[in-house]
Amino acid sequence: MSTNIKKALLGIIMAIVAISSLYPLFWLILFSFKDNTEIFGGNIAGLPSKLLWGNYKEALVNAKVSNYFLNSVIVTGVTIVATWILSLTSSYAVTRMIWKFRHLTLAIILLGLMIPLNSALLPLFIILKHLRMLNSYGALMIPYTAFAIPMAVFILTGFLKGIPRELEEAACIDGCTIYNILYIIIFPLVKPALATIAIFTYLSTWNELMFAVTFISDSKYKTITVGIQSLVGQYSTSWGPIGAGLVVATIPTIVIYILMSSQVQKSLTAGAVKG
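Description of the structure in this document. (Residues numbered from 1 in each chain as written. Predicted model: local features only at pLDDT ≥ 70, side-chain atom pairs only at ≥ 80, totals over all residues. Heavy atoms only, no water.)

1. Section: the overall build of the protein chain
When you go through the protein chain residue by residue, the secondary structure sums to 13 helices and zero strands. In the protein chain, the succession of α and β elements from N to C terminus is α-α-α-α-α-α-α-α-α-α-α-α-α. Here the C-alpha radius of gyration of the protein chain, 23 Å, is well above what a compact globule of 275 residues would show, namely 19 Å. Here the C-alpha coordinates of the protein chain stretch approximately 70 × 70 × 30 Å along the principal axes. Taken across its 275 residues, the protein chain has 36% of its residues classed as buried. Within the protein chain, contacts between residues at least 6 apart in sequence are counted, and of these 75% link residues at least 24 apart. A total of about 16,200 Å² of accessible surface is found on the protein chain, and carbon and sulfur atoms cover 70% of it. (Helix = DSSP H or I, 4+ residues; strand = E, 2+ residues; numbered from the N terminus. Rg over C-alpha atoms; globule rule 2.2 N^0.38 Å. Buried < 20%, exposed > 50% of the residue type's maximum accessible area, 1.4 Å probe, protein only. Contact = heavy atoms within 4.5 Å. Areas by Shrake-Rupley, 256 points an atom, 1.4 Å probe, with all protein chains shown as cover.)

Structure (structure tokens):
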């Protein structure tokens, strides 16, 4: 088989994979412009007969999806930043500093990877209730950050071990403090790993439903996953606005991955390049 034929077959296969990956998003966009009559009338997969922009107005204004979207942005943004700060400082402490029980501390942190969310639901609810933190942003930010830290530390510790210590030694000779070393030397080098952490944390936080439903009952603090779920009526449901809400909820995921995909690829290939 010639090289040109192989390239052509590879191109066809990649085109099929790309189309199959993008079609659900395309279908969701079409779905968001339809009403129940068209959806249940046999045109669920075809082009809409009329673009119902009112579905987006219904979702964003009447159903308050815009408020839920803002709540999700606040909770997810703070969670990502808190995870960055806590995981980077913790990882640096256990990989670069010499102190007693540092290996034990790392093992305890990584044990968090083995704890399922379901098992922590009731204890967290009781703790947050006694602290009077239910129906607040903190009721979601704190658990989300706590569950994101083990994976972040796991990624960063492996990344930090590949950074030469000579860089920090030279910075110490020049008079840098440990905080300057962390910010000036280490932080720029671990940006690819931080981008990977940001995406993992974003996906687990933005799409989380169980904690959001249990800890938040006030519509003022509901996230977008809970808000879209509340659009489902007890007796009848307008599926067009729900599709519009899902499109709005999906857009940040696409944007973030496009902006950070190059950094994620660098983090995945960093080990191979250094080796």
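2. A word on the nonpolar core
Nonpolar side chains in soluble globular proteins generally cluster together in the buried interior. Core analysis: the largest hydrophobic core is formed by 18 residues, its most contacted members being Y56, V65, W206, I224, I228 and A249. Ranked by residues supplied to this core, first place goes to helix α13 (residues 239-274) with five residues. Residues within four places of W206 in sequence aside, it is in contact with F69, S72, V73, T76, I224, T225, A249, P252 and T253. (Core = buried A, V, L, I, M, F, W, Y, C linked by side-chain atoms within 4.5 Å.)

This is a description of form; function is not addressed.
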